[in-house]
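Structural overview
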Amino acid sequence: MPNERPSVVWLRDDLRLADNPALDAAVARGGPVVVVYLLDEVSRGIRPLGGAVKWWLHHSLASLGADIAARGGTLTLRRGDAATEIARIVAETDAAAVFWNRRYGRARDIDAALKSSLREAGVEAQSFRANLLFEPWTVTTQEGNPYRVFTQFWKTCLEQGVARDPLDAPDSIRPFDVRSDDLGDWGLLPTKPDWAGGLREHCRPGEDNAHERLEGFVDEVLESYNRRDEPGFEATSGLSPHLRFGEISPLQIWHRLHGALGAGAKANAAGFLREVGWREFNWNILYHFPELHERNYRSAFDAFPWADTPEWEIDAWRHGTTGVPLVDAGMRELWETGTMHNRVRMVTASFLIKNLLVDWRVGEAWFWDTLVDADEANNPANWQWVAGSGADAAPYFRVFNPVLQAQKFDKHGRYIRRWVPELEAGEYPLEPIVDLAQSRRDALAAYDTMKAST
Ligand code: FAD
């Protein structure tokens, strides 16, 4: 006798059909499947999404909806606070089970409470590991504490190994008729003004595009990954927004990188996976320290004497008019494309924090709004890494010099000229808004003040 009461699959940052354990469990259970995406901007512990991420989310959901429809199912869209809305869907559909893939920030309190209340009501509720290679509570020091140092963390992960193979996408999904919002009514796309022209040109959201990117990267780019620090050269994968939305899983990437590779690619595979390891590390930090975007991981930094930097200087940073070419190139790339090369993220963040002495949270908030890959672990963890206040962070006294960084990593000025075309004509017409050498000394003095007060 087939099981006719439906299962609900509650999707979050796992907008994919393949290697999706929650969806797999629902299909395996038999019966119709209510696949739900819930736009929750109101529950406690949910950080409101930034503009660029909303743009990506819209397109990712559109693509997922089409992929589900191609398998006979439907994607149900709802909006509201998760606890109420999921309970309502269960009641409307008389669902017998609810499945989801785990999240690791503050939102996990919502999930834990919901799991208990569903079970109390006699509804099966199960969560799965899907978006990390290693569950944070399984990677600890011998004393059972979280790692604060990446190298040790990643060593333990590699020793542990990855347990299972990625799951296939289901061939078909049995639909269940239930009310759904219209994606267009959610207002995720900017209208007045429509600033997303650059994103439309540079970004290709969706599960198929994620896999195409991985394949293209493995075939053509990975062999040059040892040049990943050069922003003018395409040497990295561009997978971060796809990982952000779970259009591809780290497990799928892991397995592809352990599959057939050319010799050049093979030589760089471990180095690439190590970066994926940083993503794991940052989520591990968030799991243990969910207030990562609000508070210094190292509380000594609470006493840091940030300067009273005028707003126009911060705006010059945001809009790429500081007069420092590499910083301006990076900030313009970010605005235009929704992404920025990792090396330049470090340089622009360091400039804001150390040369302008602005609290890292101000920069983190700007990146949160403008990056298509902004996520609640990697963005604040990296900002705190640059600030020196994070786990296994760069020491505060290491101040990136944007001029030397450009000489070293953008030797022929390819990257800078692309984003700051004024430079083609020779001299940069903008004067630097700060003196790099003096502001560096001021930053080190501020650091000494902090140390003396703690
Ligand atoms: P690749 O070099 O191809 O790396 C593969 C994957 O490894 C990436 O997709 C990403 O998932 C992971 N990865 C690589 N570098 C890092 C890193 N330093 N920390 C964590 N994971 C990493 N990354 C985000 O995904 N979201 C963010 O919000 C984010 N904010 C950042 C803010 C600052 C100030 C800095 C310095 C870095 C930030 N990063 C963030 C990390 C990094 O810059 C991006 O992950 C990387 O540039 C994405 O490009 P890629 O996919 O081509 O990387």
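Every value quoted in this text rests on a predicted model; they were computed, and no experiment measured them. (Residues numbered from 1 in each chain as written. Predicted model: local features only at pLDDT ≥ 70, side-chain atom pairs only at ≥ 80, totals over all residues.)

**Description of the overall build of the protein chain**
Summing up its helical and strand segments, the protein chain has 18 helices and 5 strands in all. Taking 2.2 N^0.38 as the reference for a compact globule, 454 residues should give roughly 22 Å; the C-alpha atoms of the protein chain span a radius of gyration of 23 Å, in line with that estimate. With respect to the principal axes defined by its C-alpha atoms, the protein chain has extents near 75 × 50 × 50 Å. For the protein chain, buried positions account for 44% of its 454 residues. Put simply, 80% of the contacts in the protein chain that link residues at least 6 apart link residues at least 24 apart. (Helix = DSSP H or I, 4+ residues; strand = E, 2+ residues; numbered from the N terminus. Rg over C-alpha atoms; globule rule 2.2 N^0.38 Å. Buried ≥ 20, exposed ≤ 12 C-beta atoms within 10 Å, placed from the backbone. Contact = placed C-beta atoms within 7 Å.)

**Regarding the site of the ligand**
Around the ligand, 27 residues are found, and the nearest of them are Thr236, Ser237, Ser240, Asn379 and Asn382. Counting residues per element, the ones that place at least two in the shell around the ligand are α8 (240–244), α10 (263–288), α13 (342–355) and α15 (378–387). Residues of the shell around the ligand, tallied by class, amount to 11 nonpolar, 9 polar and 7 charged. (Near = placed C-beta within 6 Å. Nonpolar A, V, L, I, M, F, W, Y, C, P; charged D, E, K, R; others polar.)

**Brief notes about the UniProt feature "domain: Photolyase/cryptochrome alpha/beta" (unreviewed entry) in the protein chain**
UniProt annotation of "domain: Photolyase/cryptochrome alpha/beta" (unreviewed entry) refers to residues 5–133 when read in the numbering used here. Helix makes up 41% of residues 5–133 and strand 21%, and the two end C-alpha atoms of the span are 32 Å apart. (UniProt positions renumbered as here; feature names shortened; annotations may be inferred.)

**A few points about unusual backbone geometry**
Generally, phi is negative for residues other than glycine and the peptide bonds are trans, each holding for most cases. Cis geometry marks the peptide bond from lysine 192 to proline 193, where omega comes out at 0°. Locating proline 193 in the fold gives a position in the loop between α5 (150–160) and α6 (197–202). You will see that aspartate 19, though not glycine, has its phi angle at about 50°, which is positive. On the secondary structure map, aspartate 19 appears in the loop between β1 (7–11) and α1 (21–29).

**Overview of the pairing of strand β5 (residues 124–128)**
Alternating residues of β5 divide into Ala125 and Ser127, all buried, and Glu124, Gln126 and Phe128, none buried. Pairing of strand β4 (residues 97–101) with β5 involves 5 bridges; the strand directions are parallel. Each residue of the ladder has a partner; that of valine 98, found in β5, is alanine 125. Tracing the backbone out of β4, into helix α4 (residues 108–120) and back to the parallel element β5 gives a crossover that is right-handed. (Pairing = 2+ DSSP bridges. Right-handed = clockwise from strand over helix to strand, strands pointing away.)

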